[in-house]
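Structural characterization, general
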Amino acid sequence: MRLRSFLFLSVFTFCGPQLYPLSFPQSGQTAFRPPAVPLIVQNPYVSIWSTADNLYDDFPKFWNGDSLGLAGLIRVDGKTYRYMGPASVVRGVTTNSVTQTSVTVFPTRTVYEFHQDGVQLVVTFVTPAMYLDNDDIPDMFSAILPVSYITFDVRSTDGKEHNVQLYYDNSGEPSVMNGSENIQWFRSQAEGVSMLSIGTVEQNYVGQTSDRINWGYWYLSFLEDN
């Protein structure tokens, strides 16, 4: 069994300085571990990192340390686990985490691998930063598209069929300067793609008074058949 799905995020591209992938498995081996793992990074306003050993130990952070509410769940044969975001208690039940087995940092993507109940989950954060040889798209434009991707690849590791469901969400925190601001959200559709957008009500352009931006919109898009 293999399931592949993806989300489009309206964030900006990032091209890190690494020339080679940095891999650090969670098996007790001694390996390099960066103090923060890039998830969605391009400029000081769009800069989301994981500072935890495992993606599910804590919420991702803004570069200044503020928490940003990105979270994710996977349900395997009726049992629900966290792959991103810390544990929380809902109706008296605490959701356990899957087992993170590795994370690898490439120049334009970060790849997390998890295993649980005969299923492997690979979550990849991708921010394209490359030139395209296409007459219809200028090279510079293709390298600065404000788009990132989160892809999910699920496979059976025990030769059995499994019923798997994936869930992702984020709060309005990536689009606000602080938690006291009012936000609004919209949903639209186009050619088999659903799009959600969220942003502040005020939209005071270039009027923020902190490191975080509070104008513009955060977009999340996904194929409707996923």
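These remarks concern the structure in this document.

Cut-offs and rules
- Residues numbered from 1 in each chain as written.
- Predicted model: local features only at pLDDT ≥ 70, side-chain atom pairs only at ≥ 80, totals over all residues.
- Heavy atoms only, no water.
- Pairing = 2+ DSSP bridges.
- Helix = DSSP H or I, 4+ residues; strand = E, 2+ residues; numbered from the N terminus.
- Buried < 20%, exposed > 50% of the residue type's maximum accessible area, 1.4 Å probe, protein only.
- Contact = heavy atoms within 4.5 Å.
- Core = buried A, V, L, I, M, F, W, Y, C linked by side-chain atoms within 4.5 Å.

1. Examining the sheet that holds strand β7 (residues 79–84)
- What the 4 strands build is an open sheet, ordered β10-β7-β6-β15; its pairing is mixed. The sheet is open, and its two edges are formed by β10 (96–97) and β15 (164–170), each paired on a single side.
- In this structure, strand β6 (residues 70–76) lies alongside β15, joined through 7 bridges in antiparallel fashion. The residue bridging G72 from the neighbouring strand is Y168, located in β15.

2. Quick notes on the environment of A71
- By the element assignment, A71 lies in strand β6.
- For A71, a relative accessible area of 17% corresponds to the buried category.
- Linking A71 and R82, residues 11 residues apart in sequence, is a C-alpha distance of 8.0 Å.
- Setting aside residues up to four positions removed in sequence, A71 forms contacts with F59, M84, Y167, Y168 and D169.

3. Details of the nonpolar core
- Membership of the largest hydrophobic core comes to 32 residues, with the highest contact counts inside it found for Y83, F114, F125 and Y168.
- Top contributing element to this core by residue count: strand β13 (residues 119–126), with 4 residues.

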